[in-house]
Amino acid sequence: MFPKKFKRSGMFYKRCAQLEAQFEREWAEQHNSAGPSGQSAIVQSAEDAFLNRDLEVEYIKEEYVEDILDDEYISDEASIVNDDSDERKWCEEEYLEEEISEISSESLKLRDSLRTWFILNKVSRNASNNLLAILRNVSSLSAFSSLPQDVRTLLKAPVNVSDQIATVPGGGQMWYQGVECCLQHYFRNVVVAENIFELNLSTDGVPVYNRSPTQMWPILMQLHNIPDVPVMVVRIFCGANKPSDAETFLRPLVTELNNLQDNKIKINGKEISLSVRVFIADSPARAFIKQVCYYNGVHGCMKCKGLGTSLKNPKKVIFEDTTADLRTDVEFRNEPCNAKGHRRGETPLTDLKNFDMIKDVTTSDILHLVHVGVVHKLLLGWTEGDLKPFKKWSKDEIAEISEELVSIQLPSEIHRRFRSLESLHYWKASELGSFLNYGGIVVLQERIGRVAYEHFKLLYCALTMLSSTAFKEHWHYAGILLRKFVEDYKIVYNRMYLVSNVHLLIHVYDDVCKFGPLNTISTYPFEDKLQHIKHSYVRSGYRSLQQAIGKITLLRDIETADRRDNIVYPILKIKKDEVILQFFS
């Protein structure tokens, strides 16, 4: 900061020129008047002159720094600029030319590469600065010597981030980036081939720290018809609790989406239409954005009018009706808000154009509904006896099944292998999904009884067919299998286990018919983004939202669409024992 201001002011160069001229005059006078006998005196005089000049330059620097800290320096500097503007302008131009000439093309390439590496990897500021110091000192190359001292200069870290944050009256902070801003930045270097953007939206809460109530509720966006585009962050709420008001949380998003649907979005001269395909979320988040009864209420089903039955022991609500009438968008909008009914309050989503409040908010998220919901409950019932009166497995059976699970060789695209059933409480959703798709149908045979095994096969076959368009002609039959699975659940186990997750299986077929296979309405990509926000975007407990915004802004500069004109299909890849063929359709 000091060298740049000092050089640009012109005072430094002007004073140095005066000192050099004065030194040359004194040297010439002493040299002409001194003979051979006065040689040592001349040398001593020269040394004193050099010392006096250096001391005076240092004095000027110290005086300049003190003036910077003094408010009166502003008026003094202004007078200097007015009196000697031509000289200052010449000094500034000379300094800028010197600075630009020092940064060669190799230096720029090095800076861009290092900047991308620092952004994509979780490297602390101290470690980054230490690395920059090492690169500057150990190498004599100009590309390394021109690196800055502070990594924030290299990263081009955003400033005034706090100005983008709004305080929410109910508590917490809100930052809104916007749908158009995300799309404009990502596609700024290419011409989009598609004529429409089909948006998948999602929201959920993620705790930022283990020992703090601080949590973030991002609104995430995914382009369904362009699957290569990463999940983008549209908005983030940060506070000690979840957002208390759906109006404040969703209104800016609804307003922008309506505007983009009416006027389209223009990227690199091309106008592109926009539509909201589906809103994907887990049960609590769905209830919040729709302002309806939660899943554990009597009116908790968002798809049908079936009423739940409240049990006292154990205290829960079960849903036994599988033939109730379906809810409709018109009835939902006309339904009055009632604390004891299905609709509990107003939501901005009712103002979103071309959006069905019933059909366009899916309940068939395979992660929360099936893997973490139904499959996890079944495994806990078999291993720990949570499905009474079903007899739980013995320790020997658990050890035997665990050994068999661990030995199963999963496909190469599945990176997480099976763990022992002893750590079942720590299984991830992907492990539960692998159990349903690969392991369960093998290890459960002759271990849970014929009736329970046939019942499990109903779930396995139905979800397998509904997960791929290859079985589209059998989707209707898959819906029948799921309905039978729900109806037989109380026969195989007990009616008290007919909770919301089991009941919602009868509505999976309708969602798949509208949106496509289950993987296209899954929260898996959104959950992955939430984990990145928690573990990579936030470093410490101070100004958490500002840290997340800064990281998102930096990533926005390097995560852009690439031109794929030079890619020649088909592409053949060999990975271990598999041969992968990629082709463009």
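Everything discussed here concerns the structure shown above.
Given the structure is predicted, the values throughout are model-derived calculations rather than measurements.

Chemist: Would you explain the environment of V538 in this entry?
Modeler: You can see V538 is positioned in the loop between α21 (524-537) and α22 (544-558). Considered as a pair, V538 and A548 are 10 residues apart in the sequence and their alpha carbons are 5.6 Å apart. If sequence neighbours within four positions are ignored, V538 has contacts with V208, Y209, M216, I533, S544, Q547 and A548.

Chemist: What exactly am I supposed to notice about the packing of aromatic side chains here?
Modeler: Each aromatic ring pair is specified by the distance between its two centres and by the angle formed by the two planes. Counting across every chain of the model gives 13 aromatic pairs. Each ring, one from Y186 and one from F187, has its centre 5.0 Å from the other, and the planes form 85°; the classification is edge-to-face. Comparing Y186 with F187, the two get one shared label, buried. Ring centres of W382 and F456 lie 6.1 Å apart, and the angle between their planes is 70°; this geometry places the pair in the edge-to-face category. Linking W382 in helix α14 (residues 366-384) with F456 in helix α17 (residues 450-465), this pair joins segments that are 74 residues apart in sequence. Classification of F456 by relative accessible area gives buried; the value is 1%.

Chemist: Can you help me understand α14 in this one?
Modeler: Residues separated by three or four positions in an α-helix point in the same direction, a consequence of the helix having 3.6 residues per turn. Residue H376 marks the point of greatest curvature in α14, where the axis turns by about 35°. The element α14 is extensively covered by neighbouring structure, given that 15 of its 19 residues are classed as buried. In the segment just after α14, G385 is the residue with positive phi, at about 80°.

Chemist: Explanation requested: helix α20 (residues 508-515) in the structure shown.
Modeler: Along α20, the positions that sit buried rather than exposed are V508, D511, V512 and F515. Mapping the buried residues of α20 onto a view down its axis gives an arc of 100°, with all of them on the same face. Looking at the packing, one finds that the buried side of α20 touches β8 (270-280), α14 and α18 (475-492). Of the residues flanking the end of α20, it is G516, one or two places downstream, whose phi is positive at about 110°.

Chemist: Would you mind going over the packing of helix α6 (residues 105-120) against α22 with me for this structure?
Modeler: For any two helices packed against each other, the geometry comes down to the angle between their axes and how far apart the axes lie. Closest axis-to-axis distance for the α6/α22 pair is 10 Å, and the angle between their directions is 135°. With respect to each other, α6 and α22 are oriented oblique. Helix-helix and strand crossings are classified by hand; for α6 and α22 the assignment is left-handed. For the pair α6 and α22, contact is made by R115, T116, I119 and L120 and by K551, L554, L555, D557 and I558, respectively. Split by residue class, the contact of α6 with α22 holds 5 nonpolar, 1 polar and 3 charged.

Chemist: Can you help me understand the nonpolar core in this one?
Modeler: Within soluble globular proteins, side chains that are nonpolar generally end up buried alongside one another. Within the largest apolar cluster, 97 residues are counted, with the highest numbers of intra-cluster contacts made by W382, F435 and Y493. Per element, the largest residue contribution to this core is 9 residues, and it comes from α14. Excluding residues that lie within four positions of it along the chain, W382 makes contacts with F390, K392, W393, F435, L444, I448, F456 and Y493. By size, the runner-up hydrophobic cluster in this structure holds 49 residues, among which are M174, F187, L257 and L352.

Chemist: What is the right way to look at the pattern of salt bridges in this model?
Modeler: Between side chains of opposite charge, a pair can form when the charged atoms approach closely. Scanning the entire structure with this criterion turns up 16 salt bridges. Put simply, R495 and E320 hold a salt bridge, and the shortest N to O gap is 2.9 Å. Residue R495 is found in the loop between α18 and α19 (500-503), and its partner E320 is found in the loop between β10 (315-318) and α13 (329-334); the two are separated by 175 residues along the sequence. A relative accessible area of 28% means that E320 is categorised as partly exposed.

Parameters and conventions
- Residues numbered from 1 in each chain as written.
- Predicted model: local features only at pLDDT ≥ 70, side-chain atom pairs only at ≥ 80, totals over all residues.
- Heavy atoms only, no water.
- Helix = DSSP H or I, 4+ residues; strand = E, 2+ residues; numbered from the N terminus.
- Contact = heavy atoms within 4.5 Å.
- Phe/Tyr/Trp six-rings, centres within 6.5 Å; stacked < 30°, edge-to-face > 60°.
- Buried < 20%, exposed > 50% of the residue type's maximum accessible area, 1.4 Å probe, protein only.
- Bend = angle between axes of the 7 residues up to and from the residue.
- Arc of directions from axis to C-beta.
- Axes fitted to C-alpha atoms, helices over the stretch in contact; angles between N-to-C directions.
- Parallel < 35°, antiparallel > 145°, perpendicular 65-115°, else oblique.
- Left-handed = near helix turned anticlockwise from the far one by under 90°.
- Nonpolar A, V, L, I, M, F, W, Y, C, P; charged D, E, K, R; others polar.
- Core = buried A, V, L, I, M, F, W, Y, C linked by side-chain atoms within 4.5 Å.
- Salt bridge = Lys/Arg side-chain N within 4 Å of Asp/Glu carboxyl O.

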